[in-house]
Amino acid sequence: MIKFFLMVNKQGQTRLSKYYEHVEINKRTMLEAEVIKNCLSRSKDQCSFIEYKDFKLVYRQYAALFVVVGINETENEMAVYELIHNFVEVLDKYFSRV
């Protein structure tokens, strides 16, 4: 199950966030800061899956934009990785320059 969906730029600024479980506002900012730090600190040669607290992070980088999805441990990481790619392709077709 997807817990949250984030789009973040390389400067660490959240551009889009969607939570599918209730998380308090002050905890959201702390969670986003930690998730962004974990994803931005990794090199391109490292795996795009991270185990973080009680869930997994699946992320993908497109130019200066990171798309990060938090999932529970039973979800398929490769399926979510492909979901991110399909989502970005749809955005690119719709807006023509994503």
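A brief look at the structure comes next. Residue positions are given per chain, counted from 1 along the sequence in the order it is written. Only residues with pLDDT of at least 70 get local features here, since the model is predicted, and only at 80 or more are side-chain atom pairs given and counted; chain-wide, interface and lining totals rely on the full set of residues. By convention in this description, side-chain values take in all heavy atoms of the structure and omit both hydrogens and water.

This next bit is on helix H1 (residues 25-40). Numbering of helices and strands runs from the N terminus; a helix is a DSSP stretch of H or I covering at least four residues, while a strand is a stretch of E covering at least two. By this rule the span expected of a helix is its residue count minus one, scaled by 1.5 Å. Helix length check: H1 (16 residues) gives 22 Å between terminal C-alpha atoms against 22 Å at 1.5 Å per residue, within 8%. Accessibility here uses a 1.4 Å probe with only protein chains present; expressed as a share of the type maximum, an area under 20% marks a residue as buried, one over 50% as exposed, and anything in between as partly exposed. Within H1, burial applies to Leu31, Glu32, Val35, Ile36 and Cys39. Take H1 and look down its axis: the buried residues cluster within an arc of 130°, on one side only. Exposed positions of H1 whose direction lies more than 90 degrees from the buried face are Asn26, Met30 and Lys37. It only takes one pair of heavy atoms within 4.5 Å for two residues to be counted as in contact. Buried residues in H1 make contact with strand S1 (2-9), strand S2 (14-19), strand S3 (49-52), strand S4 (55-62) and strand S5 (65-71). As used here, the arc belongs to the directions running from the helix axis to the C-beta atoms.

Side chains that are nonpolar tend, in soluble globular proteins, to be buried together. For our purposes a nonpolar core is just a set of buried Ala, Val, Leu, Ile, Met, Phe, Trp, Tyr and Cys residues, chained together by side-chain atoms within 4.5 Å. The biggest cluster of nonpolar side chains holds 15 residues, and the ones touching the most others in it are Phe4, Leu6, Leu31, Val35, Cys39, Leu57 and Val68. In terms of residue count, the dominant contributor to this core is H1 (4 residues). Discounting residues that sit within four places of it in the chain, Val68 has contacts with Phe4, Phe5, Leu6, Val35, Cys39, Leu57, Val58 and Tyr59. Counting residues in each nonpolar core, the second largest holds 10 residues, with Met7, Val58, Val67 and Ile71 among its members.

Let's shift gears to the pairing of S2. Pairing of S1 with S2, which is carried by 5 bridges, proceeds in the antiparallel orientation. Across the sheet, residue Phe5 finds its bridge partner in S2, namely Lys18. The antiparallel pairing of S1 with S2 creates a hairpin that spans 4 residues between the two strands, and Gly12 there sits at a positive phi of about 90°. Strands pair, by our definition, only if DSSP identifies at least two bridges between them.

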